[in-house]
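Here's the letter readout for the chains.
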Amino acid sequence: MSQTPPPRRARAEIDLGALRANVRALRARVAPHSQVMAVVKADAYGHGAVPCARAALEAGATWLGTATPHEALALRAAGIADARILCWLWTPGDPWDQGIEADLDMTVSGTWALDEVREAARRVGRPARIQLKADTGLGRNGCQPADWPQLVGEALRAQEEGLLRVTGLWSHFACADEPGHPSITRQLELFHTMLEHAEKAGVAPEVRHIANSPATLTLPETHFDLVRPGIAMYGVSPSPELGTPADFGLRPVMSLAASVALVKNAPAGHGVSYGHHYVTEHETTLGLVPLGYADGVPRHASGRGPVLVGGKVRTVAGRVAMDQFVVDLGGDVVEPGTEALLFGPGDRGEPTAQDWADAADTIAYEIVTRIGARVPRVYIDESPDARDH
Ligand SMILES: *Cc1c(COP(=O)(O)O)cnc(C)c1O
């Protein structure tokens, strides 16, 4: 049987050299005693968890962060044996036993989780490593200040019984990407208070942490013992308001490209794609781009998304369909197979993930993270010299 050749249709190029350089740029922003946790949840924001985790560790990250325990266990199963891995989104019935056996650091935000950890530690016969998460104002996961003394007290009792060790205390910002937002100092003050309570009660955490990408980039007073950048490591700015990636010495890691599948002449007045929301004004040429919302191209960017084809940035004509969309080439003739570049670092005149976010009324996080499983990730290393620094 002959092997199926790799698809020519589309690819997401992942520049691991850029990722390593980004991790180094982030490390340079934090004090030498602060560690960097590379957040690789959601398949490394769509970039591929295992290759990105390995590259981040090569560049000096010492911790990995995931949302779910299954994501964390998958990193261990892939052979990432030594790095510390913290995961923070647990649901009752999740695999605490395996988490202990895999040496995960497991976040506890409430007493139900502490109950499950204690039972798992008894079954496994080994203490669990847990980190207590405080809700200092995000209002999502984490323990409310009013419930903190009880959670800390119960964790310390379980620690004395040898069932667990509290390795960290941490929290998460709501508005770190909005410079000067009053919630930032409020959360930071409350974090200090909740840390002080836990430490006075007897917790001796290895790491205290609260900084995501925007806080890592702009709020040094939030760095503590460890920072948890996600989006910045992938070379995307957390918010255009804060600056461009280049302003922070970061370079986008993902480029999304397709091969034009068909080019044809169309007469004036021809409707394009479902619903005919685009109608050609003049006789023109249309190019078919074989990527759609099943691949993560947002349907919301219908009529707006930018694509570099044949040296010019074109706009999605009409609706983005499940598997394909059309650009009006305005009479230009390009060969089928020509590259259509949806986004990348921007140096070739191509749009960026932020441009797609603007076109789809969303954030660049969502653009890169939702690139679908049908798009092969192709790993490249455009800055190999970064390895040697
Ligand atoms: C996703 C996440 C991060 C990383 O956030 P970025 O804004 O991408 O840097 C850090 N900590 C927690 C708890 C997260 O869920």
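Residues numbered from 1 in each chain as written. Predicted model: local features only at pLDDT ≥ 70, side-chain atom pairs only at ≥ 80, totals over all residues. Heavy atoms only, no water.

Quick word on the overall build of the chain
Here is step 1 of the chain: Secondary structure summary: the chain contains eleven helices and 19 strands in total.
Here is step 2 of the chain: In terms of its C-alpha atoms, the chain occupies a principal-axis envelope of roughly 80 × 55 × 45 Å.
Here is step 3 of the chain: Restricting the contact set of the chain to residue pairs at least 6 apart, pairs at least 24 apart contribute 66%.
Here is step 4 of the chain: For the chain, the computed accessible surface area is about 16800 Å², with 51% contributed by carbon and sulfur atoms. (Helix = DSSP H or I, 4+ residues; strand = E, 2+ residues; numbered from the N terminus. Contact = heavy atoms within 4.5 Å. Areas by Shrake-Rupley, 256 points an atom, 1.4 Å probe, with all protein chains shown as cover.)

Brief notes about helix α6 (residues 111-124)
Here is step 1 of the chain: Here α6 is 14 residues long and its end C-alpha atoms lie 20 Å apart, about the 20 Å a rise of 1.5 Å per residue gives.
Here is step 2 of the chain: Along α6, the positions that sit buried rather than exposed are Ala113, Leu114, Val117, Arg118, Ala120 and Ala121. Summarising the axial view, the buried residues of α6 lie within an arc of 165°, below the 170-degree limit, and thus occupy one face. Pointing more than 90 degrees away from the buried face of α6 are the exposed residues Arg122 and Arg123.
Here is step 3 of the chain: Along its buried surface, α6 packs onto α5 (96-101), β5 (105-108), β6 (128-133), α7 (148-160) and β7 (164-170). (Expected span 1.5 Å × (residues − 1). Buried < 20%, exposed > 50% of the residue type's maximum accessible area, 1.4 Å probe, protein only. Arc of directions from axis to C-beta.)

Digging into the sheet that holds strand β3 (residues 63-66)
Here is step 1 of the chain: A barrel is described by the order of its strands in space; here eight strands give the closed sequence β2-β3-β4-β5-β6-β7-β8-β9, paired in parallel fashion.
Here is step 2 of the chain: Most of the contacts of α7 go to β7, to which it runs at about 150°, and overall it touches β5, β6 and β7. (Pairing = 2+ DSSP bridges. Axes fitted to C-alpha atoms, helices over the stretch in contact; angles between N-to-C directions.)

Quick look at the sheet that holds strand β1 (residues 10-15)
Here is step 1 of the chain: Pairing is mixed in the open sheet, where nine strands are placed in the order β11-β14-β17-β16-β15-β18-β10-β1-β19. The open sheet has two edge strands with one neighbour each: β11 (262-266) and β19 (377-380). Taken over all neighbouring pairs, the strand axes of this sheet differ in orientation by 35° on average, direction set aside.
Here is step 2 of the chain: Across the sheet, helix α1 (residues 16-29) lies against β1 and β19, angled at about 35° from β1, the strand it touches most.

Things to note about the site of the ligand
Here is step 1 of the chain: In the neighbourhood of the ligand, 13 residues make up the surrounding shell, with Lys41, Tyr45, Ser213, Ile231 and Tyr365 lying closest.
Here is step 2 of the chain: A distance of 2.9 Å separates a nitrogen atom of the ligand from a polar side-chain atom of Arg228.
Here is step 3 of the chain: Within the side chain of Tyr365, an N or O atom sits 2.7 Å from an oxygen atom of the ligand.
Here is step 4 of the chain: Across the complex, the protein chains shield 94% of the 380 Å² of accessible surface that the ligand would expose by itself.
Here is step 5 of the chain: When residues of the shell around the ligand are traced back to their parent elements, those giving at least two are α2 (41-45) and α9 (213-218).
Here is step 6 of the chain: By residue class, the composition of the shell around the ligand is seven nonpolar, four polar and two charged. (Near = heavy atom within 4 Å. Polar contact = N/O pair within 3.5 Å; in protein donor to acceptor, adjacent residues only side chain to side chain. Nonpolar A, V, L, I, M, F, W, Y, C, P; charged D, E, K, R; others polar.)

Things to note about the packing of α1 against helix α3 (residues 49-58)
Here is step 1 of the chain: It is at 8 Å that the axes of α1 and α3 come closest, and there the two elements cross at 45°. Between α1 and α3, the angle falls in the class oblique. Our pair here, α1 against α3, has a crossing hand that is right-handed. Touching Leu16, Leu19, Arg20, Val23 and Arg24 of α1 are Pro51, Cys52, Ala55, Ala56 and Glu58, all from α3.
Here is step 2 of the chain: Its residues assigned to classes, the contact of α1 with α3 shows seven nonpolar, no polar and three charged. (Parallel < 35°, antiparallel > 145°, perpendicular 65-115°, else oblique. Left-handed = near helix turned anticlockwise from the far one by under 90°.)

Brief notes about the pattern of salt bridges
Here is step 1 of the chain: Taken as a whole and assessed by the stated rule, the structure comprises 24 salt bridges.
Here is step 2 of the chain: Salt-bridge contacts for Asp105 lead to Arg129; the nearest nitrogen and oxygen are separated by 3.2 Å. In this pair, Asp105 sits in strand β5 while Arg129 sits in strand β6, placing the two residues 24 residues apart along the sequence.
Here is step 3 of the chain: When its relative accessible area of 0% is taken as the criterion, Asp105 is described as buried.
Here is step 4 of the chain: Arg118 is the partner of Glu154 in a salt bridge, and the nearest nitrogen-oxygen pair spans 3.4 Å. (Salt bridge = Lys/Arg side-chain N within 4 Å of Asp/Glu carboxyl O.)

Description of the UniProt feature "binding site: substrate" (unreviewed entry) in the chain
Here is step 1 of the chain: This chain's UniProt record puts "binding site: substrate" (unreviewed entry) on Arg140 and Met322. What stands out for the annotated residues spanning 183 residues is how far apart their C-alpha atoms range, the widest pair being 32.8 Å apart.
Here is step 2 of the chain: The topology assignment puts Arg140 in the loop between β6 and α7.
Here is step 3 of the chain: Look at Arg140 and you get exposed, because its relative accessible area is 59%.
Here is step 4 of the chain: Dropping the residues within four chain positions of it, Arg140 is found in contact with Asp135 and His172.
Here is step 5 of the chain: In contact with Met322, not counting residues within four places along its chain, are Gly292, Tyr293, Ala294, Asp295 and Arg374. (UniProt positions renumbered as here; feature names shortened; annotations may be inferred.)

Looking at the pairing of β1
Here is step 1 of the chain: Counting buried positions along β1 yields five of six residues, so the element is predominantly enclosed.
Here is step 2 of the chain: In terms of strand pairing, β1 meets strand β10 (residues 254-259) through five bridges, oriented antiparallel. Of the residues in β10, the one forming a bridge with Ala12 is Leu256.
Here is step 3 of the chain: As paired strands, β1 and β19 are joined by four bridges and run parallel to one another. Residue Asp15 lies in a different strand from β19, and its bridge partner there is Ile380.

Considerations on the UniProt feature "domain: Alanine racemase C-terminal" (unreviewed entry) in the chain
Here is step 1 of the chain: Under the present numbering, the feature "domain: Alanine racemase C-terminal" (unreviewed entry) in UniProt falls on residues 253-380.
Here is step 2 of the chain: Secondary structure over residues 253-380 splits into 10% helix and 34% strand, and the C-alpha atoms at its two ends are 10 Å apart.

A few points about the packing of α6 against α7
Here is step 1 of the chain: The N-to-C vectors of α6 and α7 enclose an angle of 10°; their axes lie 10 Å apart at closest approach. As judged from the angle between their axes, α6 and α7 are roughly parallel. From α6, Thr111, Leu114, Asp115 and Arg118 reach across to α7, where they touch Gln150, Leu151, Glu154, Ala155 and Ala158.

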